[in-house]
Amino acid sequence: MHDSLLDVCDLKVGFRTSDGYVEAVKGVSLTLGRERLAIVGESGSGKSMTVRSLIGLAGHNAIVSARHARFGETDLLSLSDRELSAVRGHRIAMVVQDPRQGLNPVQTAGRQVGEMLRMHRRTRRHDMRNAVEMLLDEVHIRDPRRVFDLYPHELSGGMAQRVMVAMMLAGGPDILIADEATSALDAVVQRHILELIDEQVRLRGMGLILISHDLELVSDFADRIMVMYAGRTVETFAAGQGYGSVRHPYTRGLIACVPSLDRPGQCLPVLTRDPEWAR
Ligand SMILES: Nc1ncnc2c1ncn2[C@@H]1O[C@H](COP(=O)(O)OP(=O)(O)OP(=O)(O)O)[C@@H](O)[C@H]1O
């Protein structure tokens, strides 16, 4: 915690659109050490833009500002495109929702992981196959030798996401961002991928930002939970200590909507909103 990786203050992200200016992130502050921070909130609340804007992935029409956005000693918002691209993957890596979108359909899984290793670790060509197979083994892919030669369409969703995680780990990043990294997978595979990410984050001492709309799922894999609503942080609280300390009515509403096995047949409430929360 004391070893601060990210320190962001008053981050704003807006877009110039044909309908005028849209403010998607309205002054968010956050810090991240070598710990696991989950950002939860409904669709459009600004979760992705909060992190994407920090690594230059907010889009060409985005206007990003902050009082400061420090990654260690580096001011992320003052970096050139080239410098940001060096930070991405190598220092801050992101696993996205649909692994097959992130993978090149005409290259084998092994070659793609190998490319990342070569780019970030300068692995020699003849050591490549071994290094890739070791990395595939680390993400618990059974039979890495066989999987090395498979194309993305030959991988299951869960396997493809493991390959993506391997690619993102190849650069030895300090921070891993998982942006709805398991939403496209079924419930059992979701957990397995989150367990894998969790294991690697602990083993490698990385910081993790876990973005999700599923409060219940991420609570098991986070140290702190930050709740966003309409572009703002409404509340940040420690995970794993129950929800007793939660104050904001939106967060309380989210918690009330989580189904419980102890109360079968229980009618879940509809999440109510107050226009005041967005001001
Ligand atoms: N390029 C863009 N131009 C205009 N508006 C955008 C652009 N990209 C994102 N937005 C808007 O910014 C807001 C925040 O988007 P963001 O992707 O951060 O939401 P999110 O909380 O991550 O939602 P989801 O869970 O659906 O991904 C949304 O209202 C979205 O429509």
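Criteria and cut-off values
- Residues numbered from 1 in each chain as written.
- Predicted model: local features only at pLDDT ≥ 70, side-chain atom pairs only at ≥ 80, totals over all residues.
- Heavy atoms only, no water.
- Helix = DSSP H or I, 4+ residues; strand = E, 2+ residues; numbered from the N terminus.
- Buried < 20%, exposed > 50% of the residue type's maximum accessible area, 1.4 Å probe, protein only.
- Contact = heavy atoms within 4.5 Å.
- Polar contact = N/O pair within 3.5 Å; in protein donor to acceptor, adjacent residues only side chain to side chain.
- Near = heavy atom within 4 Å.
- Areas by Shrake-Rupley, 256 points an atom, 1.4 Å probe, with all protein chains shown as cover.

**A look at the environment of D149**
Tracing the chain through its elements places D149 in the loop between α6 (144-148) and α7 (157-169). For D149, a relative accessible area of 41% gives the class partly exposed. Between the alpha carbons of D149 and L77 there is a distance of 39 Å; along the sequence they are 72 residues apart. Beyond its immediate stretch of four places on either side in the chain, D149 contacts T108, R129 and E154. Within the structure, the side chain of D149 is placed 3.1 Å from the side chain of R129, a separation counted as a polar contact.

**Concerning the site of the ligand**
Taken together, 13 residues sit near the ligand, with S43, G44, K47, S48 and M49 positioned nearest. Here S43 contributes a side-chain N or O atom positioned 2.5 Å from an oxygen atom of the ligand. Within the backbone of G44, an N or O atom sits 2.8 Å from an oxygen atom of the ligand. Coverage of the ligand by the protein amounts to 64% of the 640 Å² it exposes when considered alone. Elements supplying a minimum of two residues to the shell around the ligand: β1 (6-17) and α1 (47-52). Top contributing element to the shell around the ligand by residue count: α1, with 3 residues.

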